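# Descriptive structure summary
Residue strings, one per chain:
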Amino acid sequence: MLEGFLMEVLVVLSCAPACWRVGSHPASVVKENVQIPVYVMIRPRGGDFLYTDREVEVMRKDIELMKSHKADGLVLGALTEDGRVDVALCMELLAACRPLPVTFHRAFDMVHDPSVALETLASLGFERILTSGCDSSALEGLLLIKRLVEQAKGRIIIMPGGGITERNLQRILEGSGAQEFHCSARSSRESAMKFRNANVSMGASLSAPEYSFKVADVTKVRTLNAIAKNTL
């Protein structure tokens, strides 16, 4: 058994751009209320990881902003149109992030060749790769995650993530050899609203229910933490 492991919990926050200008970004609130490292994702939009010049400029400004709010690390990723790591852009963004450590996020799961991508990211100086093993979940991508851990040989951290729960964490840790993992550990919380307009949806028809929302579940976090301690 090893002495330590790292568990990363996803916390989703949102803030209108107007808030950023007055220094009230939610990342600063998180930093004020926790005693653990906070890594902030730099991603200008959903969808693919091929970015326009304007989107890159947004990423640069977000990096500056998160550094000013004392983020402990940053999480980002960018690909070329043919599914390879965008080396030039990643070098530029890494330079902007210094001296903070940087994780390459699940853009990795969309690359053309994960083995080549790992070597590229290790040589660029990324601290870790967050990956589901280029599959729909870390459990389904377990064999590739194991191969990536073996290939990395400690040069870069491989962090499994994607669908990790109390039911599959032990299998993923034992099967991959990874010492870190990423999870959402979320549960639904019912809204306190008494009046509810059932005719209105604030988004697409398949969006989340209007009167419940996802929150990090302390009980799930503790359970996952205990499983990891007993496994590693």
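Structure: see above.
Worth saying up front: this structure is predicted, and the values here are computed from it rather than measured.

Across the interface, helix 5 (residues 114-124) lies against helix 6 (residues 142-152) with an axial gap of 11 Å and an inter-helix angle of 40°. Relative to helix 6, helix 5 is oriented so that their crossing is right-handed. Where helix 5 abuts helix 6, its residues P114, S115, L118 and E119 lie against L144, L148, Q151 and A152. Taken together, the residues of the contact of helix 5 with helix 6 break down into five nonpolar, two polar and one charged.

Next up on the list: unusual backbone geometry. At the junction of R98 and P99, the peptide bond is cis and its omega measures out at 10° in the coordinates. Along the chain, P99 turns up in the loop between helix 4 (87-97) and strand 4 (102-104). Positive phi values are uncommon outside glycine, yet K153 reaches one of about 50°. One can find K153 in the loop between helix 6 and strand 6 (157-160). By relative accessible area, K153 is classed as exposed at 72%.

What follows deals with the packing of helix 6 against helix 7 (residues 169-176). Viewed as axis vectors pointing N to C, helix 6 and helix 7 meet at an angle of 40°, and their least axial separation amounts to 8 Å. The angle between helix 6 and helix 7 places the two elements in the oblique class. Of the two possible hands of crossing, helix 6 and helix 7 adopt the one that is right-handed. For the pair helix 6 and helix 7, the contacting residues are L142, I145, K146 and V149 in the first and R171, I172, G175 and S176 in the second. Taken together, the residues of the contact of helix 6 with helix 7 break down into four nonpolar, two polar and two charged.

This paragraph deals with the nonpolar core. Of all hydrophobic cores here, the largest spans 54 residues; its most connected members are L74, F104, L121, F126 and F181. In this view, L74 contacts Y39, V40, I42, I63, M66, C97, L100, P101, V102 and T103; residues no more than four positions away in its chain are not counted.

Below, the discussion takes up the pairing of strand 6. Here four bridges tie strand 5 (residues 128-131) to strand 6, and the two strands are oriented parallel to one another. Within strand 6, the residue paired with R128 across the bridge is I157. Regarding the hand of the β-α-β motif, the stretch spanning strand 5, helix 6 and strand 6 is right-handed.

All right, on to the packing of aromatic side chains then. In the structure shown here, the tally under the stated rule is two aromatic pairs. Here the aromatic rings of F104 and F126 are separated by 5.3 Å at their centres, their planes lie at 85°, and the arrangement is edge-to-face. Residue F104 is found in strand 4, and its partner F126 is found in the loop between helix 5 and strand 5; the two are separated by 22 residues along the sequence. The burial state of F104 is the same as that of F126; both residues are buried.

Here we take up the sheet that holds strand 5. Pairing between the strands of a sheet comes from backbone hydrogen bonds, and it takes one of two forms, parallel or antiparallel. Ordered in space as 2-3-4-5-6, the five strands form an open sheet in which the pairing is parallel. Looking along the sheet, the strands with just one partner apiece sit at the ends: strand 2 (39-41) and strand 6. Going across the sheet, the axis of each strand differs from the next one's by a mean of 25°, ignoring polarity. As paired elements, strand 2 and strand 3 (residues 73-76) share three bridges and run parallel to each other. Along strand 3, the bridge assignment pairs V40 with L74. Of the strands in this sheet, strand 5 and strand 6 touch helix 6, which is tilted by about 165° from strand 6.

Calculation notes
Residues numbered from 1 in each chain as written. Predicted model: local features only at pLDDT ≥ 70, side-chain atom pairs only at ≥ 80, totals over all residues. Heavy atoms only, no water. Axes fitted to C-alpha atoms, helices over the stretch in contact; angles between N-to-C directions. Helix = DSSP H or I, 4+ residues; strand = E, 2+ residues; numbered from the N terminus. Left-handed = near helix turned anticlockwise from the far one by under 90°. Contact = heavy atoms within 4.5 Å. Nonpolar A, V, L, I, M, F, W, Y, C, P; charged D, E, K, R; others polar. Buried < 20%, exposed > 50% of the residue type's maximum accessible area, 1.4 Å probe, protein only. Parallel < 35°, antiparallel > 145°, perpendicular 65-115°, else oblique. Core = buried A, V, L, I, M, F, W, Y, C linked by side-chain atoms within 4.5 Å. Pairing = 2+ DSSP bridges. Right-handed = clockwise from strand over helix to strand, strands pointing away. Phe/Tyr/Trp six-rings, centres within 6.5 Å; stacked < 30°, edge-to-face > 60°.

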